[in-house]
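Architecture and fold: a report
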Amino acid sequence: MSSPHIVGSKDRPIREREPPPKDRRTAHKWLNDKAKEEYLGLEEKGYELYISKLAEEKIRNHASSTSSDRLEVMGLLLGNIFRCNGNEYALVRDVATTDLDSSSVRVRFSRDGMEKLFASLEDAGFNYLIVGWYHSHPGHRCFMSPTDVETQRGLFNKRFHSAVVIDPISKEIEAFYLDGSKVKSRPFAIYWDEFQNPYYGETVRRKRLAGDAQPIKANRR
Ligand SMILES: [Zn+2]
């Protein structure tokens, strides 16, 4: 098995690809009023970050799963970067996480968790980049703390890297990125693939992938 492609982007060209069209994207339901306004302002131009419903649900479920204990969670955003009309954007298809050391105000991957994380990355089954990370602020709202900024600077300092911060208690979410030394908010859209049902948040028909072992059910009596 080849090792997962997890860092950098220099060694592969950025492909041209149309971003998810308007009828397959929406604003996250936890955007605050200001973020919602920014989202609407970019509807024509498009976004620099698109998060799949699958990834979004995993992030929200992960954050909610420990919110009663007020524990932070974190994970990596897996996807790709593309270019369209000269604009680069990131598409987050999935997320990965592992065992965490966490409290209500900080979180990190546990030492033993790294091996598990790399195993799960190898299992992801598609060639992706790490396009950023997510973590939760249970009850603290969404912002980038000095530690968060340090993490961003050290590990996610490319323009396409995003930091998704989610507060499962206040029900808020916001994405950030580094623009030089400044931390900026990054409006983003939730998108779904054609085979997904946008209304119930469930995949109604799984896309058949090449190499998938599918049992063939003969309808015989
Ligand atoms: Zn934080």
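A brief look at the structure comes next. (Residues numbered from 1 in each chain as written. Predicted model: local features only at pLDDT ≥ 70, side-chain atom pairs only at ≥ 80, totals over all residues. Heavy atoms only, no water.)

**Some remarks on the side chain of arginine 25**
Here is the rule we go by: Helix and strand definitions follow DSSP, with helices as H or I runs of at least four residues and strands as E runs of at least two, each counted in order from the N terminus. The rule is simple: take the accessible area with a 1.4 Å probe, protein chains only, and divide by the maximum for that residue type; under 20% is buried, over 50% is exposed, in between is partly exposed. In this count, Lys and Arg are taken as positive residues and Asp and Glu as negative ones, while His and the chain termini are left out. Any carboxyl oxygen of Asp or Glu within 4 Å of a side-chain nitrogen of Lys or Arg constitutes a salt bridge here. Each polar contact in these results corresponds to two N or O atoms within 3.5 Å; when the atoms are within protein, one needs to be able to donate a hydrogen and the other to accept it, and residues that are neighboring in sequence are counted only if both atoms are side-chain atoms. Throughout, a residue-residue contact means that at least one pair of heavy atoms, one from each residue, lies within 4.5 Å.
Checked against the element boundaries, arginine 25 lands in strand E2 (residues 25-26). There is no salt bridge for the buried arginine 25, and the closest opposite charge comes from glutamate 43, which lies 5.9 Å off by N-O distance. Separated by 3.2 Å, the side chain of arginine 25 and the backbone oxygen of proline 20 make a polar contact. Not counting the four nearest positions on each side in its chain, arginine 25 is found in contact with Pro20, Tyr39, Glu43, Tyr47, Tyr50, Ala189, Ile190, Tyr191 and Trp192.

**Remarks on the pairing of strand E10 (residues 172-179)**
Selection criterion: Strand pairing is assigned whenever DSSP identifies at least 2 bridges connecting the two strands.
Most of E10 sits out of view: seven of its eight residues are buried. Examined bridge by bridge, strand E9 (residues 162-167) and E10 share five bridges and lie antiparallel to one another. Across the sheet, valine 164 pairs through a bridge with alanine 175, a residue of E10. Here E10 pairs with strand E11 (residues 182-185) via four bridges, running antiparallel. Bridge pairing links leucine 178 to valine 183 in E11. The antiparallel pairing of E10 with E11 creates a hairpin that spans two residues between the two strands, and glycine 180 there sits at a positive phi of about 65 degrees.

**Some words on unusual backbone geometry**
Positive phi is not limited to glycine here, since arginine 70 has a value of about 55 degrees. Considering the arrangement of structural elements, one finds arginine 70 in the loop between helix H2 (53-65) and strand E4 (74-84). Relative accessible area serves as the criterion here: at 41%, arginine 70 is assigned to the partly exposed category. The backbone of arginine 141 shows a phi angle near 65 degrees, a positive value even though the residue is not glycine. Mapping arginine 141 onto the fold places it in the loop between strand E8 (129-136) and helix H4 (146-155). Given a relative accessible area of 45%, arginine 141 falls into the partly exposed group.

**Quick notes on the packing of aromatic side chains**
Note the threshold: Think of it this way: a Phe, Tyr or Trp ring, Trp meaning its six-membered ring, pairs with another when their centres are within 6.5 Å, and the plane angle makes it stacked under 30 degrees, edge-to-face over 60, tilted otherwise. Both a distance and an angle decide whether a charge sits over a ring: NZ of Lys or CZ of Arg must be within 6 Å of the ring centre and within 35 degrees of the ring normal.
Enumeration according to the criterion identifies five aromatic pairs in this entry. Judged by centre distance (5.5 Å) and plane angle (80 degrees), the rings of tyrosine 50 and tyrosine 89 are edge-to-face. Of this pair, tyrosine 50 sits in strand E3 (residues 49-52) while tyrosine 89 sits in strand E5 (residues 87-96), placing them 39 residues apart in sequence. Look at tyrosine 50 and you get buried, because its relative accessible area is 0%. Three or more aromatic residues joined by ring pairs make a cluster, and in this case those are Tyr39, Tyr47, Tyr50, Phe82 and Tyr89. The positively charged end of arginine 60 is found above the aromatic ring belonging to tryptophan 30, 5.8 Å away from the centroid. Directly above the aromatic system of tyrosine 177 lies the positively charged group of arginine 186, at a separation of 4.0 Å from the ring centroid.

**What to know about the coordination of the zinc ion**
Around a metal, the perfect tetrahedron of four donors has angles of 109.5 degrees, and the perfect octahedron of six donors has angles of 90 or 180 degrees. Applied cut-off: For Na, K and Ca the donor cutoff is 3.2 Å, while for all other metals N, O and S atoms count as donors only within 2.8 Å; water does not appear among the atoms, so some sites may look incomplete. Under this scheme a four-donor centre is tetrahedral when all angles range from 85 to 135 degrees, a four-donor centre is square planar and a six-donor centre octahedral when opposite donors are above 155 degrees with the rest from 65 to 115, and any other centre is irregular.
For the zinc ion, the full set of protein donor atoms is His135 (NE2), His137 (NE2), Asp148 (OD) and Asp148 (OD), and the range of their distances to it is 2.0 to 2.7 Å. Geometry at the zinc ion is irregular, judged from its four donor atoms and the angles of 54 to 165 degrees they form at the metal. Written as a sequence motif, the donor residues of the zinc ion are H-x1-H-x10-D. You can see histidine 135 sitting in strand E8 and its partner aspartate 148 sitting in helix H4, a full 13 residues away along the chain. Pair check on accessibility: histidine 135 and aspartate 148 agree, each one buried.

**Some points on the pairing of E8**
Counted residue by residue, E8 has eight buried out of eight residues, so it is predominantly covered. Pairing of E4 with E8, which is carried by six bridges, proceeds in the antiparallel orientation. Within the sheet, the bridge partner assigned to glycine 79 lies in E8 and is leucine 129. Across five bridges, the pairing between E8 and E9 is parallel. Bridging from a neighbouring strand, glycine 132 pairs with serine 162 of E9.

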